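# Structural overview
So the chains spell out like this:
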Amino acid sequence: MQTANAHIYRYGDQFIDAVSDFLWHDDRGRAFGMWRWLPDWARGDLVAYRFDYAVEARPASARDSETVSKSLAHRSDGVFPPLIVPVWIDLFGRRIQDPSLLAPLEAPYVKAEGRLTSGDFSLNRSRISAAYKFVPLEEWSSTWRWAERLATDLVLDLPEVVEARARGLSTIRADSARRVRQLQLRATRATGTERQSLEREVIEERASGASLESAIAAPTLRLDSTGIVVVSAEPLTNGVET
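These lines cover the structure that appears in this document, whether it is placed above or below. Every value quoted in this text rests on a predicted model; they were computed, and no experiment measured them. (Residues numbered from 1 in each chain as written. Predicted model: local features only at pLDDT ≥ 70, side-chain atom pairs only at ≥ 80, totals over all residues. Heavy atoms only, no water.)

Trp35 and Phe51 are the most contacted members of the largest nonpolar core, which totals 37 residues. Among the secondary structure elements, those contributing two or more residues to this core are β1 (31-37), β2 (46-56), α2 (66-79), β3 (83-90), α4 (140-155), α5 (159-189), α6 (192-217) and β5 (220-232). With sequence-adjacent residues up to four places away left out, tryptophan 35 is seen in contact with Gly119, Asp120, Phe121, Leu123, Ala130, Lys133, Phe134, Val230, Ser232, Glu234, Pro235 and Leu236. In terms of nonpolar packing, the next biggest core, distinct from the first, is built from 11 residues, Met34, Leu46, Leu105 and Val229 among them. (Core = buried A, V, L, I, M, F, W, Y, C linked by side-chain atoms within 4.5 Å. Buried < 20%, exposed > 50% of the residue type's maximum accessible area, 1.4 Å probe, protein only. Helix = DSSP H or I, 4+ residues; strand = E, 2+ residues; numbered from the N terminus. Contact = heavy atoms within 4.5 Å.)

Right, here's the structure in full:
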């Protein structure tokens, strides 16, 4: 730190939690459609659904206390920071992993209007019908939901999620065991009500550790954003002013 007494914002901070809550409940911009025009694309039209998942550990508190719940959430975020992981699914229900396919799908958006060689078109209301030749309107919703279910089933087995879970479990087990040992040591040196209080804290810490382990072992999934991308050698003409 270069600045003394600087406050670091992170999950658990009142301001960050308020902003996070607003963003999670505001769905503007969370669904998108794009037609990517690549004149040299020689692999046929590629249609893919993208699903971005927030993977979080949300421990349950054995005590009905907002303070305890926030404390557990803070500890959980410290050992298992929330992840955002993307999953691409094609029209055949297969996860797209080929780097040569992911590259054009994940390239930054470059607006096509005014460009004569390539570019991207947002599939807005006046253009979305261009995608119906790949997914008919009457199948639009059910196909998207089907792809979402397939993507959801894949998330927890993604390498980055498996690694984060293993790392988080190892860390929380060591941390909880250390806390229990420290409390037990203090309890052996205490007497009377202080000892009884410390012994209760040992029980509570064991319960908290177990709750944290369960939450990290089986994290919650939340769909953060989703979209459909068409990669084609042909430009989009529907709804495009000439």
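What follows picks up the thread again.
This part is about the pattern of salt bridges. Applying the stated rule across the entire model yields 16 salt bridges. Taking the shortest distance from any N to any O, the salt bridge between arginine 145 and glutamate 148 comes out at 2.8 Å. Taken as a pair, arginine 145 and glutamate 148 lie in helix α4 at a separation of 3 residues, close to a single helical turn. Its salt-bridge partner being arginine 179, residue aspartate 175 comes within 2.9 Å of it at the nearest N-O pair. (Salt bridge = Lys/Arg side-chain N within 4 Å of Asp/Glu carboxyl O.)

Another aspect to go through is the sheet that holds β3. Reading across the sheet, the 5 strands line up as β3-β2-β5-β1-β4 and stay open at both edges, with mixed pairing between neighbours. The sheet is open, and its two borders are formed by β3 and β4 (119-122), each paired with just one other strand. When strand polarity is set aside, the average angle formed by the axes of neighbouring strands in this sheet is 25 degrees. Strand direction decides the pairing type here: β1 and β4, joined by 4 bridges, are antiparallel. Bridge pairing in β4 places tryptophan 35 opposite phenylalanine 121. (Pairing = 2+ DSSP bridges. Axes fitted to C-alpha atoms, helices over the stretch in contact; angles between N-to-C directions.)

Before going further, it helps to examine α6. Between the first and last C-alpha of α6 there are 38 Å, a value that for 26 residues agrees with the 38 Å anticipated at 1.5 Å per step. Taken as a whole, α6 has its buried residues at Leu198, Val202, Glu205, Ser208, Gly209, Ser211, Leu212, Ala215 and Ile216. (Expected span 1.5 Å × (residues − 1).)

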